[in-house]
Amino acid sequence: MKTKKSISFYIFLSLIFCLLYIILAIKPLETEYQFTPEWKIDATNPSISAAEPEDEILPFKLGQTLGYFTPEGKITQFQTFPQKASISRSFYTCYSSNNMSAKYFTPDGKAAGTIDIAGFPMIDEDRVFVFLPGGASFVQCDSTGRKLWEYGGTVPITAFDSSKSGVVVGFADGNICQFNENGNLVQRFSPGGSDYNVILGAAIASSGEYIATVSGQHRQRFVLAMRSENQTKITAHEFLNSNEPTQKLVKFSNDDSTVYFATSNDLGIVDVKSGKIRHLKINGQAIAIQEAEDTTFVLTKKDNFYTVYIIEKFATLTGSFSFYAKNAFILTNENRLYVGKDSTISSVSISKK
């Protein structure tokens, strides 16, 4: 009789355990991203459609062609260029290797201004810069091409980035200079830590509060620095398993919460607030980073082999796809990813289900 009671007790205990397990295990299904191809257009010999006033215009540059297209796949501006070009959502310009002056244009092809300064123009969003002959100085111009301010140096510039808060410049001697939007020097420092302290990549947060760099050979180093009153405070750093003396992509996320930096064999991802650094293995060198919704897309290149990596939740790799091409780009706009490949541009819709 005692044995039967013991068996009944254990059966009852097992049922209670199973019930508790079912209750605790119940949780909502995680939302998953869905990527849906929308359209694909030929970008080398397109039919040009005039943009409507309400059309949003997006830039592209593939090989020796550039232009603008709409989210619906209508190309509104297209032209070839023989040597070099720079393009953004605001302006574009074409120039030569011995450039003495350059005209730049709005997305509808209308003249925006003329830069009567010898050098190489660079357009970053609505900001216009010219790197002067010798590679140690640059000028920022206004929307008509008139010089706003100039930095004149003697050490070659090896890294450059701008945001609405100003400019960060890295030099071959390992120094970093930050200028505000008026061209005033905000801070100067050297990340150091390497045998050869050349700056290989630099980025400035949109707020201007943080600077991120990759620098050096023989103990190559990543540094995240914060400007605090009249001091520069290093909030995160790491020595890297990389020594290639090539330029490295460094980029802040749109909300300045994350920094991405490229090494020879992975992608570093930094939480700005905590300083925590993670690494994702990638195939090739990261050459472009774009954001859409809560997702980050990273384009890498190894010879003629390109890969697009899809990253969620700070550093969670959720997928990738690859292709061969001579030229490629990625661009995001709202909930769409655009992929340029040699002669084509494709649109992919991003949704949660």
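Just so we're clear, the structure is a prediction, and the values are computed from it rather than from any experiment.

**Describing the side chain of Ser215**
- By the element assignment, Ser215 lies in strand β18 (residues 210-217).
- In this view, Ser215 contacts Pro191, Gly192, Ser194, Val198, Ile199, Leu200, Gln220 and Arg221; residues no more than four positions away in its chain are not counted.

**Considering the nonpolar core**
- In terms of nonpolar packing, the biggest core is built from 17 residues, with Phe222, Leu224, Phe252, Val259 and Phe261 touching the most fellow members.
- Of all elements in the fold, only β18, β19 (221-228), β21 (250-252) and β22 (258-262) reach the threshold of two or more residues within this core.
- The contact partners of Phe252, leaving out residues within four places of it in the chain, are Ala203, Ile204, Ala205, Tyr210, Ile211, Ala212, Leu224, Thr258, Val259, Val272 and Glu291.
- If you look at the next biggest cluster of nonpolar residues, it comprises 16 residues, including Tyr33, Val308, Phe323 and Val348.

**Notes on the pattern of salt bridges**
- The tally for this structure, following the rule as stated, stands at seven salt bridges.
- For the salt bridge of Asp124 with Arg127, the shortest nitrogen-to-oxygen distance reads 3.4 Å.
- One connected set of salt bridges, linked through shared partners, spans Asp124, Glu125, Asp126 and Arg127.

**Examining the pairing of strand β15 (residues 176-180)**
- Counting buried residues along β15, five of its five residues qualify, which places the element largely inside the surrounding structure.
- As paired strands, strand β14 (residues 166-171) and β15 are joined by five bridges and run antiparallel to one another. Bridge pairing in β15 links Gly166 to Asn180.
- The hairpin turn running from β15 into strand β16 (residues 185-189), its antiparallel successor, is four residues long, and Gly183 in that turn takes a positive phi close to 90°.

**Some remarks on a negative patch on the surface**
- Together, Glu56, Glu72, Glu293 and Glu334 make up a negatively charged patch on the protein surface.
- Examined against the element boundaries, Glu72 turns out to sit in the loop between β3 (65-69) and β4 (75-80).

**A short note on the sheet that holds β4**
- Taking strand neighbours across the sheet as the criterion, the three strands line up as β2-β3-β4 in an open arrangement whose pairing is antiparallel. The open sheet is flanked by β2 (58-62) and β4, the only strands paired with a single partner. Within this sheet the neighbouring strands show an average axis-to-axis angle of 15°, counted without direction.
- Here β2 pairs with β3 via five bridges, running antiparallel. Among the inter-strand pairings, Phe60 is bridged to a residue of β3, identified as Gly67.

**Observations concerning the packing of aromatic side chains**
- The final tally for this structure, using the stated rule, is 23 aromatic pairs.
- Here the aromatic rings of Tyr95 and Phe120 are separated by 6.1 Å at their centres, their planes lie at 50°, and the arrangement is tilted. Taken together, the residues Tyr95 in strand β6 (residues 92-95) and Phe120 in strand β9 (residues 120-124) connect sequence positions 25 residues apart.
- On the accessibility criterion, Phe120 (31% relative accessible area) is partly exposed.
- Between Phe131 and Phe138 the ring centres are 6.2 Å apart and the planes differ by 45°, which places this aromatic pair in the tilted class.
- You can call Phe138 buried: its relative accessible area is 0%.

**Looking at the sheet that holds strand β31 (residues 344-352)**
- An order of β1-β31-β30-β29 is seen for the four strands of this open sheet, with the pairing classed as antiparallel. The sheet terminates laterally at β1 (33-42) and β29 (328-333), the two strands that pair on one side only. Taking the axes of each pair of neighbouring strands and ignoring which way they run, one obtains an average angle of 20° across the sheet.
- Bridge count between β29 and strand β30 (residues 336-341): six bridges; the pairing is antiparallel. Following the sheet pairing, Ile330 is matched in β30 by Val339.

**Brief notes about the confidence of the model for the chain**
- The share of residues in the chain with pLDDT of 70 or more is 91%, and the mean pLDDT across the chain is 89.
- Contacts for the low-pLDDT stretch residues 20-29, under 50 throughout, to residues beyond four places or in other chains number zero contacts.

**Focus: the environment of Ile48**
- Its location among the elements puts Ile48 in the loop between β1 and β2.
- With 205 residues separating them in the primary sequence, Ile48 and Ser253 have C-alpha atoms 34 Å apart.
- When near neighbours in sequence (up to four residues on either side) are disregarded, Ile48 contacts Ile75, Thr76, Gln77 and Phe78.

**What about the pairing of β16?**
- Summarising the sheet, β15 and β16 pair through four bridges and their orientation is antiparallel. Across the sheet, Ile176 pairs through a bridge with Phe189, a residue of β16.

What counts and how
Residues numbered from 1 in each chain as written. Predicted model: local features only at pLDDT ≥ 70, side-chain atom pairs only at ≥ 80, totals over all residues. Heavy atoms only, no water. Helix = DSSP H or I, 4+ residues; strand = E, 2+ residues; numbered from the N terminus. Contact = heavy atoms within 4.5 Å. Core = buried A, V, L, I, M, F, W, Y, C linked by side-chain atoms within 4.5 Å. Buried < 20%, exposed > 50% of the residue type's maximum accessible area, 1.4 Å probe, protein only. Salt bridge = Lys/Arg side-chain N within 4 Å of Asp/Glu carboxyl O. Pairing = 2+ DSSP bridges. Patch = residues over 30% accessible without salt bridge, like charges linked within 9 Å, V, L, I, M, F, W, Y side chains within 5 Å. Areas by Shrake-Rupley, 256 points an atom, 1.4 Å probe, with all protein chains shown as cover. Lys, Arg positive; Asp, Glu negative; His and termini not counted. Charge placed at Lys NZ, Arg CZ, Asp CG, Glu CD. Axes fitted to C-alpha atoms, helices over the stretch in contact; angles between N-to-C directions. Phe/Tyr/Trp six-rings, centres within 6.5 Å; stacked < 30°, edge-to-face > 60°. pLDDT = per-residue confidence, 0-100.

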